[in-house]
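# Commentary on secondary and tertiary structure
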Amino acid sequence: MGTYPSLSQILMEGYPPEWVPFLIITGVLSVALMVLDVWMVIQHKSFSTSHPIQFISTVGVLQVFPLFAVMHFVGMLVPLSHDVTLYLCEGYEALTFLFFLRLVLTFLGGKKATKKALKGKETHLNVVPCCCFFCLPTVKFTRKYFIFCEFLIVLFAFYSIVIGFADLVITLDSSEGALGGVSTTFGIVYHIVLLVLLIFSIYGLSGIYHSAEDLLHHRGIVRKFLVYKIFTVGPNSSML
């Protein structure tokens with residue numbers, strides 16, 4: 001039987017002592033985000049009975065902020081857990097796309113009501129991340145366009161969770177001395193495809209949201225969507 005690493009070997013392994021202040025700052029920010037998250041959930045609790053789907057979707061989106069903070073803190077504290085914490089972050093981020101889509105559809109009265117309300121509406125194709133392509137035409141919102149945008153979001157979620165789990169298993173196996181070359185190749189391909197699907201998913205969510213933006217303005221979701229886009233694009237731009 002092999003020997004197990006001691007706690008001192010597990011915690012902060014490979015990090016110089018001068019990194020300790022950054023770990024403390026990350027820990028404090030993580031606690032602050034968790035406290036803020038609890039406060040936000042309490043603020044939305046009044047909808048838990050009257051609008052349960054809206055409440056669950058909103059809370060689901062809100063959890064991505066403290067989750068990212070805590071997982072990065074754990075990844076710094078226990079470097080051996082980096083692959084697992086990264087998978088949890090990527091997987092839950094993909095789920096928040098589904099939560100946000102569900103929130104938009106709920107505000108509009110459901111999927112059927114959304115298609116009916118947006119049918120024939122002028123829709124701009126140059127939404128994020130294609131906002132710089134001003135030459136893209138304006139088209140009418142159709143059922144096919146809605147299905148296409150929804151498919152991009154669901155595909156990203158499926159890939160991040162299912163294929164991401166396979167990447168995690170292969171990575172953990174390679175750390176034991178097996179599948180080393182396979183892990184490197186699979187990991188590179190996986191993250192390239194993940195970045196592409198993330199861009200497509202942002203486009204799909206932006207396409208549906210911006211088509212219904214005027215109908216959602218009084219719902220207070222506009223500011224939430226802006227913050228969510230900044231959060232989504234920011235951390236993932238490092239993959240470029």
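Quick caveat, the model's predicted, so the values are computed rather than measured.

Tallying secondary structure elements over the chain gives 11 helices and 2 strands in all. Going from N to C terminus, the chain has its helices and strands arranged as α-α-α-α-α-α-α-β-β-α-α-α-α. Put simply, the chain has 240 residues, and 38% of those count as buried. Sequence-distant contacts in the chain: of pairs separated by 6 or more residues, those separated by 24 or more amount to 71%. Within the structure as shown, the chain displays about 13,800 Å² of accessible surface, and the carbon and sulfur contribution to it stands at 74%.

For the structure on display, the rule yields 6 aromatic pairs. Through successive ring pairs, a cluster of aromatic residues spans Phe141, Tyr145 and Phe146.

In terms of nonpolar packing, the biggest core is built from 33 residues, with Phe97, Val104, Phe156 and Leu216 touching the most fellow members. Counting residues per element, the ones that place at least two in this core are helix 6 (82–107), helix 8 (143–174) and helix 9 (180–211). Once residues within four sequence positions are removed from consideration, Phe156 is found in contact with Ala94, Phe97, Leu194, Leu197, Leu198 and Ser201. Among the nonpolar cores identified, the runner-up in size contains 5 residues, and Val64, Phe68, Met71 and Cys89 belong to it.

So, about the packing of helix 2 (residues 20–44) against helix 5 (residues 64–77). In the contact formed by helix 2 and helix 5, the axes pass within 9 Å of each other and the chain directions differ by 155°. As judged from the angle between their axes, helix 2 and helix 5 are roughly antiparallel. Along this stretch, helix 2 crosses helix 5, giving a crossing that reads as left-handed. Along the contact surface, helix 2 presents Phe22, Leu23, Thr26, Gly27, Ser30, Leu33, Met34 and Asp37, while helix 5 presents Phe65, Pro66, Ala69, Val70, Phe73, Met76 and Leu77. For the contact of helix 2 with helix 5, the residue count by class is 11 nonpolar, 3 polar and 1 charged.

Our focus in this paragraph is the packing of helix 5 against helix 6. Where helix 5 meets helix 6, the axes come as close as 9 Å, and the angle between the chain directions of the two elements is 170°. Classified by the interaxial angle, the pair formed by helix 5 and helix 6 is roughly antiparallel. Residue-level contacts link Val64, Leu67, Phe68, Met71, His72, Val74 and Gly75 of helix 5 to Thr85, Leu88, Cys89, Tyr92, Glu93 and Thr96 of helix 6. Of the residues assigned to the contact of helix 5 with helix 6, the class counts are 8 nonpolar, 4 polar and 1 charged.

Below, the discussion takes up the pattern of salt bridges. Within this structure, the stated rule accounts for 1 salt bridge. Put simply, Glu150 and Lys111 hold a salt bridge, and the shortest N to O gap is 2.8 Å. Residue Glu150 is found in helix 8, and its partner Lys111 is found in helix 7 (residues 111–118); the two are separated by 39 residues along the sequence. Take Glu150: its relative accessible area is 17%, and that puts it in the buried class.

Attention now moves to the environment of Phe47. Positionally, Phe47 belongs in helix 3 (residues 47–50). For the pair Phe47 and Thr58, spaced 11 residues apart in sequence, the C-alpha to C-alpha distance is 10.0 Å. Once you skip the residues sitting within four places of it in the chain, Phe47 turns out to touch Pro52, Gln54 and Phe55.

What follows concerns a nonpolar patch on the surface. On the surface, Ile188, Ile192, Val196, Ile199 and Phe200 cluster together to form a nonpolar patch covering roughly 440 Å² of accessible area. Within the element layout of this structure, Ile188 appears in helix 9. A residue is classified by how much of its surface remains accessible, and Ile188, at 49% relative accessible area, is partly exposed.

What follows deals with the side chain of Ser211. Structurally, Ser211 can be placed in helix 9. In this structure the side chain of Ser211 is engaged in a polar contact, spanning 2.6 Å, whose partner is the backbone oxygen of Gly207. Ignoring sequence-local partners within four residues, the contact set of Ser211 consists of Leu118, Lys121, Thr123, Phe141 and Tyr145.

Quick look at the environment of Val35 now. Relative to the assigned elements, Val35 resides in helix 2. On a C-alpha basis, the gap between Val35 and Pro66 in space is 8.9 Å, while along the polypeptide they are 31 residues apart.

Quick notes on the rules
- Residues numbered from 1 in each chain as written.
- Predicted model: local features only at pLDDT ≥ 70, side-chain atom pairs only at ≥ 80, totals over all residues.
- Heavy atoms only, no water.
- Helix = DSSP H or I, 4+ residues; strand = E, 2+ residues; numbered from the N terminus.
- Buried < 20%, exposed > 50% of the residue type's maximum accessible area, 1.4 Å probe, protein only.
- Contact = heavy atoms within 4.5 Å.
- Areas by Shrake-Rupley, 256 points an atom, 1.4 Å probe, with all protein chains shown as cover.
- Phe/Tyr/Trp six-rings, centres within 6.5 Å; stacked < 30°, edge-to-face > 60°.
- Core = buried A, V, L, I, M, F, W, Y, C linked by side-chain atoms within 4.5 Å.
- Axes fitted to C-alpha atoms, helices over the stretch in contact; angles between N-to-C directions.
- Parallel < 35°, antiparallel > 145°, perpendicular 65-115°, else oblique.
- Left-handed = near helix turned anticlockwise from the far one by under 90°.
- Nonpolar A, V, L, I, M, F, W, Y, C, P; charged D, E, K, R; others polar.
- Salt bridge = Lys/Arg side-chain N within 4 Å of Asp/Glu carboxyl O.
- Patch = residues over 30% accessible without salt bridge, like charges linked within 9 Å, V, L, I, M, F, W, Y side chains within 5 Å.
- Polar contact = N/O pair within 3.5 Å; in protein donor to acceptor, adjacent residues only side chain to side chain.

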